[in-house]
Amino acid sequence: AQKITQTQPGMFVQEKEAVTLDCTYDTSDPSYGLFWYKQPSSGEMIFLIYQGSYDQQNATEGRYSLNFQKARKSANLVISASQLGDSAMYFCAMREGWNFNKFYFGSGTKLNVKP
Amino acid sequence: DTAVSQTPKYLVTQMGNDKSIKCEQNLGHDTMYWYKQDSKKFLKIMFSYNNKELIINETVPNRFSPKSPDKAHLNLHINSLELGDSAVYFCASSQGRGTDTQYFGPGTRLTVL
């Protein structure tokens, strides 16, 4: 079974609108961490936001927020007020337990922001 | 200051050759990683190295060997390169505790001809 599933290979959003990128995860370990990374066309991987499995509140970082629904095992990324520079690939990832080798990435969502 | 750096950024070589990619981090992190990103953008962890303990992903061919001279460096050596090794290789590091957020290097695009 896939550990991380991103069902949206590509998405479009109008500039200044909000967009939600979906991510579901699969683990039976009570301790895990969820991450979102951005990969622009230049290729680097940029850390955006983190949510721990025991965190009570949804994580927020500027225009990024993580909609964490533990019972549904979903960790959707919400980008508010989209900007042209948000056009990139977005990867959801999970660290399972505390095994340093158990770090899994989803297949990514390509976001295009239209002017 | 670059937090995680990799050299070279591009590497073009012939099948059968041996090559190395170097990685350095100045974040004081305890754990370092190598990832492979294939042409479909799928990222897969290859190795992690935490406090001198190497954890190898079982699916990685033994032609790939990481070498860590010290905590700040984790190099990747690849023997007998094959066409299928063409990919972007990312180095990353993390504290190895707490949130354990991984910070990535810029990537090395390897092309095997």
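Whatever comes next refers back to the structure up there.
Residues numbered from 1 in each chain as written. Chains lettered and ligands numbered in written order. Predicted model: local features only at pLDDT ≥ 70, side-chain atom pairs only at ≥ 80, totals over all residues. Heavy atoms only, no water.

(A) Looking closely at the state of the cysteines. Counting across every chain of the model gives two disulfides over all chains. Sulfur-sulfur distance for the disulfide between C23 of chain A and C92 of chain A comes to 2.0 Å. Sign of the S-S torsion, about -65 degrees for the bond between C23 of chain A and C92 of chain A, identifies this disulfide as left-handed. Remark: C92 of chain A occurs in strand 10 (residues 88–96) and C23 of chain A occurs in the loop between strand 3 (19–21) and strand 4 (24–25); sequence separation between them is 69 residues. Each member of the pair, C23 of chain A as well as C92 of chain A, carries the same accessibility label: buried. With its sulfur 1.8 Å from that of its partner, C23 of chain B forms a disulfide with C91 of chain B. As the torsion about the S-S bond is roughly -75 degrees, the C23 of chain B-C91 of chain B disulfide counts as left-handed. A residue pair is termed long-range when its members are at least 10 positions apart, and C23 of chain B in strand 3 (residues 19–25) and C91 of chain B in strand 9 (residues 87–94) qualify at 68 residues. (Disulfide = S-S within 2.5 Å. Helix = DSSP H or I, 4+ residues; strand = E, 2+ residues; numbered from the N terminus. Buried < 20%, exposed > 50% of the residue type's maximum accessible area, 1.4 Å probe, protein only.)

(B) Quick look at the pattern of salt bridges. Throughout the structure, instances matching the rule amount to five salt bridges over all chains. Between E96 of chain A and K3 of chain A there is a salt bridge whose closest N-O contact spans 2.8 Å. With E96 of chain A in strand 10 and K3 of chain A in the segment before strand 1 (4–5), this residue pair connects regions lying 93 residues apart in the sequence. Across the pair D30 of chain B and K71 of chain B runs a salt bridge whose closest N-O atoms are separated by 3.0 Å. Pair noted here: D30 of chain B is in the loop between strand 3 and strand 4 (31–37) and K71 of chain B is in the loop between strand 7 (64–70) and strand 8 (73–78), with a separation of 41 residues, a long-range link. On the basis of relative accessible area, K71 of chain B is assigned to the partly exposed category, the value being 45%. (Salt bridge = Lys/Arg side-chain N within 4 Å of Asp/Glu carboxyl O.)

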